[in-house]
Amino acid sequence: MAARILDGAAVAQQIRSETAPAIAAFTERAGRPPGLGIVLVGDDPASEIYVRNKLRSAADAGLRADLQRLSAVAPLADLLAVVEQLNHSEAHDGILVQSPLPAAMGADAERRVFDLIRADKDVDGLHPVNVGSLVQNRATLVACTPSGIIELLERSQVPIAGTRAVVIGRSDIVGKPMALLLLHRHATVTICHSRTPDLPLVARTADILVSAIGRPAFVTRDFVKPGAAVVDVGTSQLSDRAVVERLFAAGSKRRDAFEKRGSIVVGDVHPEVGEVAGALTPVPGGVGPLTIAMLLKNTLIAARARHGGWDRRERRRGLERRAR
Ligand code: NAP
């Protein structure tokens, strides 16, 4: 039987509608909308698209988002100076530095930048204080992609407590926070990575399998326990015709999209997994829209925290509950 599709775009829309009244209430009370400062270094095409989508979604949601650009050869000191300026800005409640940074900035550039962003403006949840709070299950700002996945699972009635979950990928921004969020919801969690032996065997123990590695169609049916919920975080641009033809049948929507554009975005999960899994997130339209919705929500949470929390009127209207 074909897997149930977990519709990330619909859940993201739900989250945005629930957050909208709280954004309006904040704007009325503070005399300005919640503000998000985005910094983009270099001209990585994928990052350009992500940033454009974030700016558009923020504007649609009634936030004020602005973009500062640095050239691909800018020194790290310039980027640190921009972050410092955003740290001190009254108009910016959230700061997002788009990763990856150009390799020329140095191996420890991302760490130095994320450490410098004020913890209460860290809408990506990467500051060590926010990561520590997540470990202790008392976080306010949590990485957007994994917290969006939790929203998707919970709102799609996929049980988490008491299940076995396997997360493939151990990055600071997806794999590790994903594993912690599942653990806090009482799943028994295994984290896998490039040196995990017998990966398909381990993955097959999962009731919830999350793949966040960035390798097209890597997760085949032998990774998946029949009936499992499979979350595909990976996004890879595929332009190799032979691979596309192997993965998608002639006349399918994906093949048509490839014929039109010459490349398509695909996930980590092989299309054949749809025949084994119980539930599956599509790519595109699965995890991606949730990441953006959670970024907007985190910006609101940061703005509220910086402006004295919620007033009685907002609590009465349930805006606090809905924004959390
Ligand atoms: P990352 O920092 O490159 O981490 C990739 C992880 O995958 C690493 O832990 C790596 O293991 C593991 N890995 C790589 N090859 C593997 C293999 N053959 N077997 C097992 N594990 C393997 O990537 P990321 O930032 O977490 O992102 C992962 C993917 O998700 C990317 O495609 C990215 O574009 C996508 N993404 C999508 C969204 C969205 O909103 N849709 C958001 C964030 C990321 P090691 O640690 O051992 O190297």
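Thresholds, definitions, all that
- Residues numbered from 1 in each chain as written.
- Predicted model: local features only at pLDDT ≥ 70, side-chain atom pairs only at ≥ 80, totals over all residues.
- Heavy atoms only, no water.
- Pairing = 2+ DSSP bridges.
- Helix = DSSP H or I, 4+ residues; strand = E, 2+ residues; numbered from the N terminus.
- Axes fitted to C-alpha atoms, helices over the stretch in contact; angles between N-to-C directions.
- Core = buried A, V, L, I, M, F, W, Y, C linked by side-chain atoms within 4.5 Å.
- Buried < 20%, exposed > 50% of the residue type's maximum accessible area, 1.4 Å probe, protein only.
- Contact = heavy atoms within 4.5 Å.
- Near = heavy atom within 4 Å.
- Polar contact = N/O pair within 3.5 Å; in protein donor to acceptor, adjacent residues only side chain to side chain.
- Areas by Shrake-Rupley, 256 points an atom, 1.4 Å probe, with all protein chains shown as cover.
- Right-handed = clockwise from strand over helix to strand, strands pointing away.
- Expected span 1.5 Å × (residues − 1).
- Bend = angle between axes of the 7 residues up to and from the residue.
- Arc of directions from axis to C-beta.
- Phe/Tyr/Trp six-rings, centres within 6.5 Å; stacked < 30°, edge-to-face > 60°.
- Lys NZ or Arg CZ within 6 Å of the ring centre and 35° of its normal.

Peer 1: Could you give me a rundown of the sheet that holds strand E3 (residues 64–70), with the residues and numbers involved?
Peer 2: One open sheet accounts for three strands, arranged E3-E2-E4; its pairing is parallel. Each of the sheet's edge strands pairs with one partner strand only, and the pair in question is E3 and strand E4 (94–97). When strand polarity is set aside, the average angle formed by the axes of neighbouring strands in this sheet is 15°. As judged from the seven bridges shared by strand E2 (residues 35–41) and E3, these two strands associate in the parallel manner. By the bridge assignment, leucine 40 is partnered in E3 with arginine 69.

Peer 1: Please provide a residue-by-residue account of the nonpolar core, values included.
Peer 2: Core analysis: the biggest nonpolar cluster contains 43 residues, and Ile149, Leu153, Leu182, Val210 and Val233 have the highest contact counts within it. Of all elements in the fold, only helix H1 (8–30), E2, helix H6 (144–155), strand E5 (164–168), helix H7 (175–184), strand E7 (208–211), strand E8 (229–232) and helix H11 (287–306) reach the threshold of two or more residues within this core. Looking at this core, the element that brings in the most residues is H11, giving seven residues. Ignoring sequence-local partners within four residues, the contact set of isoleucine 149 consists of Met178, Val210, Val231, Val233 and Val287.

Peer 1: An account of the site of the ligand is needed here, citing residue identities and associated values.
Peer 2: Of all residues adjacent to the ligand, which total 21 residues, the nearest are Arg170, Ser171, Ser194, Thr235 and Thr291. A distance of 2.5 Å separates an oxygen atom of the ligand from a polar side-chain atom of serine 194. Threonine 291 is positioned such that a nitrogen or oxygen atom in its side chain is 2.7 Å from an oxygen atom of the ligand. For the ligand, the accessible surface in isolation is 930 Å², of which the surrounding protein chains cover 70%. Here the shell around the ligand takes three residues from H11, the largest share from any one element.

Peer 1: Go over the pairing of strand E6 (residues 188–192), please, and point to the residues and values.
Peer 2: Bridge count between E5 and E6: five bridges; the pairing is parallel. By the bridge assignment, valine 167 is partnered in E6 with isoleucine 191. You can see the chain leave E5, run along H7 and come back into E6, and the turn it takes is right-handed.

Peer 1: Go over H1, please, and point to the residues and values.
Peer 2: For H1, which comprises 23 residues, the first-to-last C-alpha distance of 31 Å matches the rise-based estimate of 33 Å (1.5 Å per residue) to within 8%. Along H1, the sharpest change in direction is near 30° and occurs at threonine 19; proline proline 21 comes one to four residues later. N-capping of H1 is provided by aspartate 7, with a side-chain oxygen placed 3.2 Å from the backbone N of alanine 9. Within two residues after H1, glycine 31 carries a phi angle of roughly 75°, on the positive side.

Peer 1: Before we move on, can you summarise the environment of phenylalanine 248 with the specific residues and values?
Peer 2: For phenylalanine 248, the position within the fold is in the loop between helix H9 (241–247) and helix H10 (253–261). On a C-alpha basis, the gap between phenylalanine 248 and phenylalanine 258 in space is 9.8 Å, while along the polypeptide they are 10 residues apart. Excluding its chain neighbours within four sequence positions, the residues that come into contact with phenylalanine 248 are Arg254, Arg255, Ile264, Val266 and Pro271.

Peer 1: Pulling in residues and values, what's your account of helix H5 (residues 128–135)?
Peer 2: Turning to H5, its buried residues are Asn130, Ser133 and Leu134. Buried residues of H5, seen end-on, are gathered within an arc of 100° and therefore sit on one face of the element. Buried positions along H5 lie against H7. Phi turns positive one or two residues past the end of H5, at asparagine 137, with a value near 60°.

Peer 1: So what's going on with the packing of aromatic side chains? Which residues, and what values?
Peer 2: Enumeration according to the criterion identifies one aromatic pair in this entry. Sitting over the face of the ring of phenylalanine 248, arginine 254 holds its NZ or CZ atom 5.5 Å from the ring centroid.

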